[in-house]
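Tertiary structure, described
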Amino acid sequence: MFRTTILRSAARAAAVIRPVVVSRVAIGAVAPRVAIRAAAPKAAAWQAVRCYSAAGGLDKKDVYERIKALLSGFDKVNDPSNITETAHFANDLGLDSLDTVEVVMAIEEEFSIEIPDKDADTIHSVEKAVEYIVSQPDAN
Amino acid sequence: MALQAYRHLLRAARIAFEGDVRVLDAARQSIRQGFRDKATLPASDPSIPPAIQHAEEVASFLRANLVQGKKEEGDMYKLRIHKDTERGDNDTIKLGNQDIKMDGKTCCSS
């Protein structure tokens, strides 16, 4: 039973993109296996390790899907079918600069972060927005 | 410039009217309208810098000088004072009944 749990958590850890997290999980998963074989009561400690290491960043695809959903609810977008991963807010979606500010603010709310002015000014396309969100550890 | 003012204003409204969807929507609508009205002016129009300044001032007012009150039982109102709310240090209260000159700079320090 423990072995299946370990395999399952390892598979889940492999799906996490960040290499740092993966290596930490790998170390955590291998070492306690020996401990469990030695003494069964250690299982609780092993659980704690697994929970601790389960922090996963945001997936690029998820971020895109959420931004897409947000944009398709925005009535100024000329045509929801124009929303692609590389769409430019002004050139492809027909938004002006004021709308762009609003979209960036909405993205802030969606991922519960605050984007500083100088970064917010550089976000002009879906691609840039996704890139920025993925690079933010606080985004969720 | 104008875009930054727009962002500051929207952000200030979000802080000031947090949790009050109806007022927040109305505030956003009026901010949007205000900027749209002037959006077609040429960049060199003399009325633009004062308008931007006005927007920035409104933003800082919303952020610092406005608190939401919620009615509790009876006549009690609970104020939501957040980290940006301007707070005086109440130093004037220690001076008793003296005449206090408020010029905004040197009050209470001498």
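Conventions used here
- Residues numbered from 1 in each chain as written.
- Chains lettered and ligands numbered in written order.
- Predicted model: local features only at pLDDT ≥ 70, side-chain atom pairs only at ≥ 80, totals over all residues.
- Heavy atoms only, no water.
- UniProt positions renumbered as here; feature names shortened; annotations may be inferred.
- Helix = DSSP H or I, 4+ residues; strand = E, 2+ residues; numbered from the N terminus.
- Contact = heavy atoms within 4.5 Å.
- Buried area = accessible area lost by both parts, 1.4 Å probe.
- Salt bridge = Lys/Arg side-chain N within 4 Å of Asp/Glu carboxyl O.
- Polar contact = N/O pair within 3.5 Å; in protein donor to acceptor, adjacent residues only side chain to side chain.
- Nonpolar A, V, L, I, M, F, W, Y, C, P; charged D, E, K, R; others polar.
- Phe/Tyr/Trp six-rings, centres within 6.5 Å; stacked < 30°, edge-to-face > 60°.
- Buried < 20%, exposed > 50% of the residue type's maximum accessible area, 1.4 Å probe, protein only.

In the annotation of an unreviewed UniProt entry, the entry for chain B reads Mitochondrial zinc maintenance protein 1, mitochondrial, and the organism field reads Lasiosphaeria hispida. UniProt, in the comment section headed Subunit (unreviewed entry), describes chain B in these words: "Interacts with RIP1."

Naming follows an unreviewed UniProt entry, where chain A appears as Acyl carrier protein of Lasiosphaeria hispida. Within the UniProt record for chain A, the comment given under Sequence similarities (unreviewed entry) is "Belongs to the acyl carrier protein (ACP) family."

**Details of the environment of B:Lys70**
If you trace the backbone, B:Lys70 turns up in strand E1 (residues 68-71). Beyond its immediate stretch of four places on either side in the chain, B:Lys70 contacts B:Met76, B:Tyr77 and B:Lys78.

**Quick word on the interface of chain B and chain A**
Taken together, the contact between chain B and chain A spans 12 residues of the former and 15 residues of the latter. Between chain B and chain A, a total of about 1400 Å² is buried, with carbon and sulfur atoms accounting for 47% of that surface. Together, B:Arg7, B:Arg11 and B:Arg36 form the three largest contributors to the area buried by chain B at its contact with chain A, with a combined 43%. Viewed at the interface, chain A and chain B are joined by 10 salt bridges. Taking the shortest distance from any N to any O, the salt bridge between B:Arg7 and A:Asp117 comes out at 3.3 Å. The tally of links from chain B across to chain A stands at 12 residue pairs in polar contact (both at pLDDT 80 or more). Secondary-structure elements contributing two or more residues to the side of chain B that touches chain A are helix H1 (2-16) and helix H2 (21-38) of chain B. At eight residues, the largest contribution of residues to the side of chain B that touches chain A is made by H1(B). For the side of chain B that touches chain A, the class distribution of residues is four nonpolar, two polar and six charged.

**Section: the packing of aromatic side chains**
All names here are of chain B. Evaluation of the coordinates by the stated rule reveals one aromatic pair over all chains. Ring geometry for Tyr 6 and Phe 35: centres 4.7 Å apart, planes at 55°, overall tilted. With a gap of 29 residues between them, Tyr 6 in helix H1 and Phe 35 in helix H2 connect regions that are remote in the sequence. According to the relative accessible area criterion, Phe 35 is buried, its value standing at 15%.

**Quick word on the environment of A:Phe111**
Structurally, A:Phe111 can be placed in the loop between helix H5 (97-110) and helix H6 (117-120). Sequence spacing of A:Phe111 and A:Gln136 is 25 residues, and the spatial spacing of their C-alpha atoms is 9.8 Å.

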